[in-house]
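For reference, the chains in residue letters:
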Amino acid sequence: MTRTALVVGAGVFGLATARALALRGWSVRVLDPNEPGTEGPSSAETRILRLSHGTDDWYTGLAHRAATGWRELERESGRRLLLPTGVLTLGPRDGDDWERASAAALRRLGVPVETLTGAAVTRRFPGFAGGGTGTALFEPEAGVLLARAATRALAGSARERGAELLRGAAVPDGGTAVVDGEPLRADLTVWAVGPALPALFPGLTSVRPYRQDCWYVRPRGPWAKGEAGTGSGAGTGYESGSGGRPAWLDREHGCYGIPAVGELGVKVVPDVETDPRAATDPSPGEIPPALRDYLRARLPHLADSPVLRREVCSYAVTPDEHFLLARHPGRRDVWLVGGDSGHGFKHGPAWGEYVADVVEDRCAPPARFALR
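Calculation criteria
- Residues numbered from 1 in each chain as written.
- Predicted model: local features only at pLDDT ≥ 70, side-chain atom pairs only at ≥ 80, totals over all residues.
- Heavy atoms only, no water.
- Pairing = 2+ DSSP bridges.
- Helix = DSSP H or I, 4+ residues; strand = E, 2+ residues; numbered from the N terminus.
- Axes fitted to C-alpha atoms, helices over the stretch in contact; angles between N-to-C directions.
- Contact = heavy atoms within 4.5 Å.
- Expected span 1.5 Å × (residues − 1).
- Buried < 20%, exposed > 50% of the residue type's maximum accessible area, 1.4 Å probe, protein only.
- Polar contact = N/O pair within 3.5 Å; in protein donor to acceptor, adjacent residues only side chain to side chain.
- Salt bridge = Lys/Arg side-chain N within 4 Å of Asp/Glu carboxyl O.
- Phe/Tyr/Trp six-rings, centres within 6.5 Å; stacked < 30°, edge-to-face > 60°.

Spatially, six strands are ordered E9-E2-E1-E13-E20-E19 in an open sheet, and the strand pairing comes out mixed. What marks the edges here is a single partner per strand, and that holds for strand E9 (164-167) and strand E19 (324-328). For this sheet the average axis-to-axis angle between neighbouring strands, irrespective of direction, equals 20 degrees. When strand E13 (residues 188-191) meets strand E20 (residues 331-338), the two strands line up parallel, connected through three bridges. Each residue of the ladder has a partner; that of Val-190, found in E20, is Trp-335. Packed onto the sheet, helix H8 (residues 348-359) meets E13, E19 and E20 and runs at close to 30 degrees relative to E19.

The structure is reproduced here in structure tokens:
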């Protein structure tokens, strides 16, 4: 008989899992209050796909497989999802162990990677001031995922393989999903509800909602070359390489960003938590003074660029930033999946395959994914 699965949550983790199970012959239903790509962390315009994870070869390998998965989904959907902008990591001046460990892990996988000095960063990428940088890491085959489009492509692919996408808000009853008082029974239930996990399962996990504010500023100088519609993606609203400007992670200053690959300008994000009580109105306003100082120091061409938009990004974080993949206590047929911790989206296709392996008892998840 066909095995049945219910996946609660139509973000990247839920949809990738549903698609993987459908590919394996499961009869799959996906339940979410909203259409895929319209609400929640997986509805953002862009996300960074980097492969570097320091000494952690497991996440590095997962990201590598995910990049292949996203390209396969591009071919399947006929949509542009992964833009090969490259990703530049600017290491702190007082240490470069993480960058060098990342480079070694990527070379073991046969993935192109370069290490650069701060002065070389400025010569190679004129939009950046490299002063105060330790070892920089450049991943030429990494890039930017069009997250909203990628989420919708996952949903379409899952549907093509027979998954049924339902609208509704579920609450757990002993792990079983209940909608409007009616239980939705299945051989397997997967809760992949992102930041809603601690509210639905209070006291069961240390996962908690985490919010950041993202700021978009008008491209200027070298950054203006990355505006939409000027490259091989013209007509789609995006271009393939952002005019040579990479996405970046600045470990010296605690910021990251994405060049103007879309319609909203250059995205700059302070890697700090925003007060969850603050207003979520996306009207531009002015960026915080500390972030304006950062632009002057690191991206001088954007120092006085006007703000175009503010975007609120909420995701689910664990204290150790490892994912969550664990059975509900006492229920072998119910699994909790989440804890993306801000670096989960890029892993989507590969993580969905891994979750399917685990729930089918093909492998046991490591202890670091347990309930905690």
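Here the narrative resumes, following the displayed structure.
Time to look at helix H5 (residues 147-160). Count 3.6 residues to each turn of an α-helix, and residues three or four apart come out pointing the same way. Taking 1.5 Å as the rise per residue, H5 with 14 residues should run 20 Å; its terminal C-alpha atoms sit 20 Å apart, in good agreement. Taken together, the buried positions of H5 are Ala-147, Ala-150, Thr-151, Ala-153, Leu-154, Ala-155, Ser-157 and Ala-158. On its buried side, H5 packs onto helix H1 (12-23), strand E3 (47-49), helix H2 (57-77), strand E8 (143-145) and E9. One or two residues past the end of H5 sits Gly-162, with phi positive at roughly 100 degrees.

This next bit is on the side chain of Arg-298. Inspection of the secondary structure assignment puts Arg-298 in helix H7 (residues 289-298). What makes Arg-298 buried here is its relative accessible area of 0%. There is a polar contact of 2.8 Å between the side chain of Arg-298 and the side chain of Thr-133. In this structure Arg-298 touches Leu-90, Gly-127, Phe-128, Ala-129, Gly-130, Gly-131, Thr-133, Asp-250, Glu-252 and His-253, once residues within four positions along its chain are discounted.

With that out of the way, let us pick up the pattern of salt bridges. By the definition in use, this model includes 26 salt bridges. Across the salt bridge formed by Glu-74 and Arg-80, the nearest N and O atoms sit 3.7 Å from each other. Two residues, Arg-93 and Glu-252, come together in a salt bridge whose shortest N-O distance is 3.1 Å. Of this pair, Arg-93 sits in the loop between strand E5 (87-90) and helix H3 (97-108) while Glu-252 sits in the loop between strand E15 (247-250) and strand E16 (255-258); the two residues are 159 residues apart in sequence, bridging distant segments of the chain.

Ordered in space as E10-E11-E12, the three strands form an open sheet in which the pairing is antiparallel. Strands with a single pairing partner mark the edges of an open sheet, and in this sheet they are strand E10 (171-173) and strand E12 (182-184). The average angle at which neighbouring strand axes cross in this sheet is 45 degrees, direction not considered. Across three bridges, the pairing between strand E11 (residues 176-179) and E12 is antiparallel. In the sheet register, Val-179 faces E12, and the bridge partner there is Glu-182.

What follows is about the packing of aromatic side chains. Under the defined criterion, the tally for this structure stands at 21 aromatic pairs. A centroid spacing of 5.5 Å and a plane angle of 70 degrees characterise the contact between Phe-13 and Phe-323, whose relative ring orientation is edge-to-face. With Phe-13 in helix H1 and Phe-323 in the loop between strand E18 (307-317) and E19, the pair connects residues that are 310 residues apart, well separated along the chain. Each member of the pair, Phe-13 as well as Phe-323, is classed as buried. With 6.5 Å between their ring centres and 85 degrees between their planes, Phe-125 and Phe-128 make a pair best called edge-to-face. Comparing Phe-125 with Phe-128 shows no difference in burial state: the two are buried. Pairwise contacts between aromatic rings join Phe-13, Trp-58, Tyr-59, Phe-323, Trp-351, Tyr-354 and Phe-369 into one cluster.

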